[in-house]
Amino acid sequence: MKIVLFTDLDGTLLSLSDYSYDVALPALAELKKRKVPVVFCTAKTLAENEYYRAKLGIEDPFIVENGGAIFIPRNYFSFEFPYSNEQGHYYVIEFGARYDELRAALDAIRSETGFKITGFGDMTVKEVAEDANLSLDQARRAKEKVYNESFIFDEPEDKEPILFDKVQDKGFNITHGGRYYNIHGINADKGKAVKRLTELFRREYGAVMTIGIGDSKNDIPMLKAVDQPAIVKRLDGTWLDIYPEPENLYKAEGVGPAGWVEVVEKFIIS
Ligand SMILES: [Mg+2]
């Protein structure tokens, strides 16, 4: 049966401490040899995805900005399918809201509440680099957001419910992961994008077994949309809590990319 691997990047295939992935290179080569599609499913932007696709030699479709859109290389599938638009050498299926609408919603919330909200769009490349601990090039790519906006909410925690209500009143969704809050369209999550792409893979290959690997909260919709969910350990040695926990959830002992290799070896290249 055709296996398709969906994978998160930060903290999963990429080490969260230094964005390294060297430990995963032999397993990636083996997946390539076996023609197992490796589908990035990440919060990262198009520019960031393209950077890691080139680095790792991956040519499969990918899901950007937490399910904001699927990018499918032209000629990847042998049949025609509906898409939102064409960009460069990709067909794009969009789920997310537009960046300018999200920015306008944040502006409105700021003026209605006086909350200190600072989006990536309000920060220079240098400020994003310093705040997110990225190089200038990484920060430049991270700022190229189209379907979601990350922001700092510099207010006491008890103000958080007001922020969440305001975002929902404006017709958008909000998530909070680590340092940044994220505002995005209500139809955009990793799970919806994984399901749509799985339909396309099934049309191409018939029976398909999907595996998903992640490490944190924004991966839960993806983990629930695949046949075999797996999580890797986080830097602090804990696993993500999922309620209810999928019966067949595999918890890798390794942290980040080491755990990723463990999952690939167990389910694909054993
Ligand atoms: Mg992650």
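Each value, and the rule that gives it
Residues numbered from 1 in each chain as written. Predicted model: local features only at pLDDT ≥ 70, side-chain atom pairs only at ≥ 80, totals over all residues. Heavy atoms only, no water. Donors = N, O, S within 2.8 Å, 3.2 Å for Na, K, Ca; no water. Helix = DSSP H or I, 4+ residues; strand = E, 2+ residues; numbered from the N terminus. Buried < 20%, exposed > 50% of the residue type's maximum accessible area, 1.4 Å probe, protein only. Phe/Tyr/Trp six-rings, centres within 6.5 Å; stacked < 30°, edge-to-face > 60°. Domains from an automatic or database assignment. Contact = heavy atoms within 4.5 Å. Buried area = accessible area lost by both parts, 1.4 Å probe. Salt bridge = Lys/Arg side-chain N within 4 Å of Asp/Glu carboxyl O. Polar contact = N/O pair within 3.5 Å; in protein donor to acceptor, adjacent residues only side chain to side chain.

Asks: Help me understand the coordination of the magnesium ion in this model?
Replies: For a metal with four tetrahedral donors the ideal donor-metal-donor angle is 109.5 degrees, whereas six octahedral donors ideally subtend 90 or 180 degrees. Ligation of the magnesium ion by protein atoms is provided by D8 (OD), D10 (O) and D215 (OD), these donors lying 2.2 Å from the ion. Sequence positions of the residues that donate to the magnesium ion give the spacing D-x1-D-x204-D. A residue pair is termed long-range when its members are at least 10 positions apart, and D10 in the loop between β1 (2-7) and α1 (25-33) and D215 in the loop between β11 (208-214) and α8 (220-225) qualify at 205 residues. The exposure class of D10 is partly exposed, given its relative accessible area of 26%. For D215, a relative accessible area of 6% translates into the label buried.

Asks: Where do I start with the packing of aromatic side chains in this structure?
Replies: For any pair of aromatic rings, geometry is given as the distance between the ring centres together with the angle between the planes. Tallied over the full model, the rule gives 21 aromatic pairs. Here the aromatic rings of Y76 and F77 are separated by 5.0 Å at their centres, their planes lie at 90 degrees, and the arrangement is edge-to-face. Centroid distance Y250 to F267: 5.4 Å. Interplanar angle 85 degrees. Geometry classified as edge-to-face. With Y250 in strand β13 (residues 250-255) and F267 in helix α9 (residues 257-267), this residue pair connects regions lying 17 residues apart in the sequence. An aromatic cluster is built from Y76, F77, F79, F81, Y83, Y91, F201 and Y205, whose rings are joined through pairwise contacts.

Asks: Just checking my understanding: could you explain the domain arrangement of the protein chain for this structure?
Replies: Domains assigned within the protein chain are domain 1 (2-96 + 188-267) and domain 2 (99-185). Between domain 1 and domain 2, the contact holds 16 residues from the first and 13 residues from the second. Buried surface at the junction of domain 1 and domain 2, both sides included, amounts to about 1,200 Å², of which 50% is carbon and sulfur. One can count zero salt bridges joining domain 1 with domain 2. In this structure, the connection of domain 1 to domain 2 is made through seven residue pairs in polar contact (both at pLDDT 80 or more). Contributing elements (two or more residues each) for the side of domain 1 that touches domain 2: α2 (46-56), β4 (69-73) and β6 (90-94). Top contributing element to the side of domain 1 that touches domain 2 by residue count: α2, with four residues.

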